Structures are given as structure tokens and as C-alpha cells.
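Each chain is listed here by its residues.
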Amino acid sequence: QVHLVESGGGLVQPGGSLRLSCVASGSISNIYAMTWYRQAPGKQRELVARFVSGGRIDYLDSVKGRFTISGDTAKKTGYLQMNSLKPEDTAVYYCNIPKGSTYPRFGYDFWGQGTLVTVSS
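Residues numbered from 1 in each chain as written. Predicted model: local features only at pLDDT ≥ 70, side-chain atom pairs only at ≥ 80, totals over all residues. Heavy atoms only, no water.

A. Looking closely at the sheet that holds strand S8 (residues 67-72). Here we have four strands laid out as an open sheet, ordered S1-S3-S9-S8, and antiparallel in their pairing. Edge strands, defined here as strands with exactly one partner in the open sheet, are strand S1 (2-7) and S8. Pairwise comparison of adjacent strand axes, ignoring direction, gives a mean angle of 15 degrees for this sheet. Here S1 pairs with strand S3 (residues 18-26) via six bridges, running antiparallel. Pairing of Glu6 across the sheet is with Cys22, part of S3. (Pairing = 2+ DSSP bridges. Helix = DSSP H or I, 4+ residues; strand = E, 2+ residues; numbered from the N terminus. Axes fitted to C-alpha atoms, helices over the stretch in contact; angles between N-to-C directions.)

Following this line, the structure appears as C-alpha cells:
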């Protein structure tokens, strides 16, 4: 099993920055992919950023150039650096490890509990 814990959310003014962290624990020795999703009130969950081992990185169009996904394999930790935040970035942010993206492999996704990001003046 894998347990994910996000941190780093909070209240920030427009134009500010936050760095979210996602720490994975459990019976895994490697992580090959990690994604960040967000869900704003009344909206569907959307993929914000994705990292796949080998160098593939994808971003939601609206966050390109402002958000950066990264990770520390040795610490089993992923990060989402968010700069130039806008009110429309307000949401609960979730980290996710897609099924089959760990060693040993599991046949289902893992999700964190979410961390709230509020961008407001």
C-alpha cells in the first residue's frame, strides 16, 4: 500500500507563490509517475501537472509557465511549485500516483487527502 500526504497549501495573494509537497510512504521502493489534480468548488477535478519517468512532463494550459512539477525520488516526494498565482487557481489540490507507477506495482491509483489553495486579496 501507498500513503500520500500533501502539504503546503494556504492563503496567498494574487501574484504570490506556494510550493506543494506530496510525500509517499509505504511498501514501495520507486515511483515512476506522479500527477497533481485540483478541484475548484462546483467544478470537476482537472489534471494540473504530470510527470512520467523518462522526462515526460505535461501541464494544464492555464498553468504553463507558472507551475513547475518536480520530484525527489530518494525522498519519494513530489512538488508543485506555483508562481504568479491567480484567483482562478483557488482549489483543493491532490497528488496522485497512477496505477502501475510504483515498484512494486499496484493495480489502482493512490490519492492524497488534498490541500486547499486559496488565492485572494
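Still more to cover.
B. Structural detail: the packing of aromatic side chains. All told, the structure shown has four aromatic pairs when counted by the stated rule. Centroid distance Tyr37 to Trp111: 5.1 Å. Interplanar angle 55 degrees. Geometry classified as tilted. Here Tyr37 is found in strand S5 (residues 33-39), whereas its partner Trp111 is found in strand S12 (residues 110-111), with 74 residues between them in sequence. Judged by centre distance (5.4 Å) and plane angle (85 degrees), the rings of Phe106 and Phe110 are edge-to-face. Cluster of aromatic residues (ring-pair linked, three or more members): Phe106, Tyr108 and Phe110. The ring of Tyr94 has Arg45 lying over it, and the distance from NZ or CZ to the ring centre is 3.9 Å. In this structure, Arg45 packs its charged tip against the face of Trp111, placed 4.7 Å from the ring centre. (Phe/Tyr/Trp six-rings, centres within 6.5 Å; stacked < 30°, edge-to-face > 60°. Lys NZ or Arg CZ within 6 Å of the ring centre and 35° of its normal.)

C. Looking closely at the pattern of salt bridges. The full count for this structure, using the stated rule, is six salt bridges. The salt bridge partner of Asp89 is Arg38, with a shortest N-O separation of 3.0 Å. You can see Asp89 sitting in the loop between strand S9 (77-82) and strand S10 (91-97) and its partner Arg38 sitting in strand S5, a full 51 residues away along the chain. When sorted by exposure, Asp89 lands in the same class as Arg38, which is buried. Between Arg66 and Asp89 there is a salt bridge, with the nearest N and O atoms lying 2.7 Å from each other. Taken together, the residues Arg66 in the loop between strand S7 (56-59) and S8 and Asp89 in the loop between S9 and S10 connect sequence positions 23 residues apart. A relative accessible area of 1% means that Asp89 is categorised as buried. Residues joined by salt bridges that share partners form a network here, namely Arg38, Glu46, Arg66 and Asp89. (Salt bridge = Lys/Arg side-chain N within 4 Å of Asp/Glu carboxyl O. Buried < 20%, exposed > 50% of the residue type's maximum accessible area, 1.4 Å probe, protein only.)

D. The state of the cysteines, seen in detail. For the structure shown, the criterion picks out one disulfide. The disulfide bridge from Cys22 ends at Cys95, spanning 2.0 Å between sulfur atoms. Taking the sign of the S-S torsion, 50 degrees for the link of Cys22 and Cys95, the bridge is right-handed. Of the two residues, Cys22 is situated in strand S3 and Cys95 in strand S10; the sequence distance between them amounts to 73 residues. Exposure remark for Cys95: the relative accessible area of 0% places this residue in the buried category. (Disulfide = S-S within 2.5 Å.)

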